[in-house]
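One-letter residues, chain by chain:
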Amino acid sequence: MGKRAKLALKIVSAFCLSAIFTIICAKGLLYVPDGYVSDALYQSTGAADGQIVVIGIDETALDELGPLPWDRSIIADVIMYLNSIEKKPAVIGVDVIYSGSGASEASDEYLARAAEAGNVVVACTATYNSTLVVDGSSFYMDDRAVTAFDEPYEALLENAQCGHINVMPDKDGVIRHALISVNDLEGNRISSFSRMVYEKYCLEKNIEVNPEPASENGFWYIPYTAENGNYYDYISVADLYYGRVSPEFFSGKMVLIGTYTVGLQDSYYTSADRSEPMYGIEIQANIIDAYRKGFYPFEAGDVLQLIILFVICFLAAIFFYDRRVIYCVLAEVAVCGSFFIIAYALYQSMGVVLHVLWIPLFVTILFVMSVAVNYIHSYRERKQIINTFGHYVDRSVLKELLDKGSAALELGGKRKRIAVLFVDVRGFTTMSESMEPEMVVEIVNKYLALTTECIMNNHGTLDKFVGDCTMAFWNAPLPQEDPVYMAACAAMDMVLGAEALGEELTKKYGRAVSFGVGINYGDAVVGNIGARERMDYTALGDTVNTAARLEANAPGGQILISKEVVDALGDRAKVTSLGNSIKLKGKRDDFEIFRLDELVRK
């Protein structure tokens, strides 16, 4: 595949993958796992500062005061008891809805009188439903239409402030957002219970009130301060009703009274702790603490985050494509680690809430895909290199070729200076005519095994077998320090090996063999010749032809070499000049030929 085609494939693949990942996030398919990861990063809870105290309508209270609903005089007595001292609580928030008339008119009047202290906030709630809204000639479904509104009875409402206690879980059932306000049936704006408690506390303490969080849809992200149990000191409504806890403990504090037992179905899973539900009254306490801090995180727009996701995934896919694994690992760790750090820093400094999972997840997926694809490509390249070179280069050369990778498989040739060796069996044709085919094959195999071993032991490249002739060369496919010397060593090994092989064949078949060898040194075109489906790594040119003609004229047991080979060997070889006594086809008359007689071994 050409460079342009590879680049086009890289760009198209990166674009398609990035588009798929972006669509997955845009469709909300990662909402639940992203919520888990985001909650773990952003929600760092600790201990409350003690200014908010939860009084539980708990198991103790239900055991001692009976099951709900209680007579309203019980909570009235608790309020009276808390306000019975000069330094009373800054605010008492009762997370119980007292709508309509109670069991006794006297109890209703008593509770309303208890609220005259001016520090009491009670609860109301709106009921939402889907309603068809007709607007002139058009109509639509309003999924947040208030169809019912439960508020305190009139006498209590005159003496106490009221705030809504509506909580709405996200799509995964987790409470991450608070509702700033609701509208009653007449369209009047009703602030939240937590906001009313907070503002009354600030008024009592003469503290500047932090503004409400900005929100387009009325919801804002809750930064939880404490987990379940941090606002509750095991003080029960029954403890106050029977006077077992001094009201002095609550002086100047925010006292929240609410249900605190599983059976009353007022507990929810929150982003602060997804393993254990939090009671509604403690969710209110966390919201109040958020108002006190004035820290109102907000989600960054999905459109912007989707664009950033696409760009980062596209760039990551381009980078990972056909890249070494170590660089991919470093890039993946850098991108994911940096994103987590940036996301946390933006949250802490500016209150920006990002989708924490999106980018790290898909960058990691791209990383895994790239490793898998690169592994497959590498495996195929290694297999092809082994198939191409494995049978005719020694293992050390093959290892270097594997390290080079696909570059070793490029079709075409390069001009290189190589040492070329040809070796042939003398008298083999005549011998084969008088022997059985099986014997001929066995002798040829032994001969080829010997020449191959000599070539490989001296780090040569076995080019081909042509009948009983073997061709090899040195200094390709990889450059070598002393190619001519290694070719000469291989030739000497062949001549010596032929003597031992000849003795073996004489004993077994009554026949002996000898080798004629020719070596030349010079420029040749070397490379993979053929088609990608079937290629041969070979050498072409006059240097190769001359080596073949030297071998063709070499008597058995002799090695004929050219002047270029003699010059390269220098004083490491003893040679005999044959002058121009042997005429080589295509060579000038003064072409000098030498016989290699002896070689100094290292």
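Anyway, here's the lowdown on the structure attached to this text. All values derive from a computational prediction rather than experimental measurement.

**Notes on the side chain of H177**
The residue H177 is located in strand β7 (residues 177-179) in this model. Reaching out from H177, the side chain makes a polar contact with the side chain of D170 at a distance of 3.1 Å. At 2.5 Å, the side chain of H177 forms a polar contact with the side chain of E299. When near neighbours in sequence (up to four residues on either side) are disregarded, H177 contacts M168, D170, F219, W220, Y221, I222 and E299.

**Observations regarding the environment of G118**
Topologically, G118 is positioned in the loop between α5 (105-114) and β3 (120-135). Residue G118 is classed as partly exposed on the basis of its relative accessible area of 39%. Linking G118 and A90, residues 28 residues apart in sequence, is a C-alpha distance of 9.7 Å.

**With respect to a nonpolar patch on the surface**
Together, V303, I307, V311 and L315 give the surface a local cluster of nonpolar side chains, amounting to about 380 Å² of exposed area. Here I307 shows up in helix α10 (residues 302-320). When its relative accessible area of 49% is taken as the criterion, I307 is described as partly exposed.

**Comments concerning the nonpolar core**
Proteins that are soluble and globular tend to have nonpolar side chains buried together. Membership of the largest hydrophobic core comes to 47 residues, with the highest contact counts inside it found for L421, W474, F515, V517, I519, I559 and L569. Among residues more than four places away in sequence, those in contact with L421 are T470, M471, A472, W474, A487, A490, A491, M494, V517, G518 and I519. Core analysis: the next-biggest nonpolar cluster, separate from the first, contains 43 residues, V94, Y110, V120 and A238 among them.

**Focus on unusual backbone geometry**
For residues that are not glycine, phi is negative in most cases, and the peptide bond is trans in most cases. In the segment running from L68 into P69, the intervening peptide bond is cis, with an omega of 0°. Here the amide bond leading from A476 into P477 is cis, since omega sits at 5°, within 30 degrees of zero. Within the fold, P477 resides in the loop between β19 (469-474) and α16 (483-509). With a phi close to 60°, Y234 is a non-glycine residue in the positive phi region. Considering the arrangement of structural elements, one finds Y234 in strand β11 (residues 232-236). Positioned with a positive phi, N475 is a non-glycine residue whose angle comes to about 80°. Inspection of the secondary structure puts N475 in the loop between β19 and α16. The exposure class assigned to N475 is buried, which follows from its relative accessible area of 14%.

**Comments concerning the pairing of strand β14 (residues 273-279)**
In terms of strand pairing, strand β13 (residues 267-270) meets β14 through 3 bridges, oriented antiparallel. Considered in β14, the bridge of S267 is made with Y279.

**With respect to the packing of aromatic side chains**
According to the stated counting rule, one finds 18 aromatic pairs in the structure shown. Pairing F21 with F362 gives two aromatic rings, centres 4.3 Å apart and planes at 15°, and the pair type is stacked. Of this pair, F21 sits in helix α1 (residues 3-26) while F362 sits in helix α12 (residues 358-389), placing them 341 residues apart in sequence. As far as the burial class goes, F21 and F362 line up, both buried. With centroids separated by 5.5 Å and ring planes inclined at 85°, the aromatic side chains of F295 and Y347 adopt a geometry described as edge-to-face. Pair noted here: F295 is in the loop between α9 (280-293) and β15 (298-299) and Y347 is in helix α11 (residues 325-350), with a separation of 52 residues, a long-range link. For F295, a relative accessible area of 24% gives the class partly exposed. Here Y347 falls in the buried class, since its relative accessible area comes to 2%.

**Notes on helix α7 (residues 193-205)**
Taking 1.5 Å of rise per residue, the 13 residues of α7 would be expected to cover 18 Å, and the 18 Å separating its terminal C-alpha atoms lies within 8% of that figure. For α7, the complete set of buried residues consists of F193, S194, R195, M196, V197, Y198, K200, Y201 and C202. Positioned one or two residues after α7, N206 has a phi angle of 60°, which is positive.

**Looking at the sheet that holds β14**
Taken in spatial order, the 3 strands of this open sheet run β6-β13-β14, and their pairing is mixed. Edge positions in the sheet fall to β6 (174-175) and β14, since each has one partner strand and no second. In this structure, β6 lies alongside β13, joined through 2 bridges in parallel fashion. Opposite V174, over in β13, you have Y269 as the bridge partner. Packing of α9 onto the sheet brings it into contact with β6, β13 and β14, and relative to β14 it is tilted by some 95°.

About the criteria used
Residues numbered from 1 in each chain as written. Predicted model: local features only at pLDDT ≥ 70, side-chain atom pairs only at ≥ 80, totals over all residues. Heavy atoms only, no water. Helix = DSSP H or I, 4+ residues; strand = E, 2+ residues; numbered from the N terminus. Polar contact = N/O pair within 3.5 Å; in protein donor to acceptor, adjacent residues only side chain to side chain. Contact = heavy atoms within 4.5 Å. Buried < 20%, exposed > 50% of the residue type's maximum accessible area, 1.4 Å probe, protein only. Patch = residues over 30% accessible without salt bridge, like charges linked within 9 Å, V, L, I, M, F, W, Y side chains within 5 Å. Areas by Shrake-Rupley, 256 points an atom, 1.4 Å probe, with all protein chains shown as cover. Salt bridge = Lys/Arg side-chain N within 4 Å of Asp/Glu carboxyl O. Core = buried A, V, L, I, M, F, W, Y, C linked by side-chain atoms within 4.5 Å. Pairing = 2+ DSSP bridges. Phe/Tyr/Trp six-rings, centres within 6.5 Å; stacked < 30°, edge-to-face > 60°. Expected span 1.5 Å × (residues − 1). Axes fitted to C-alpha atoms, helices over the stretch in contact; angles between N-to-C directions.

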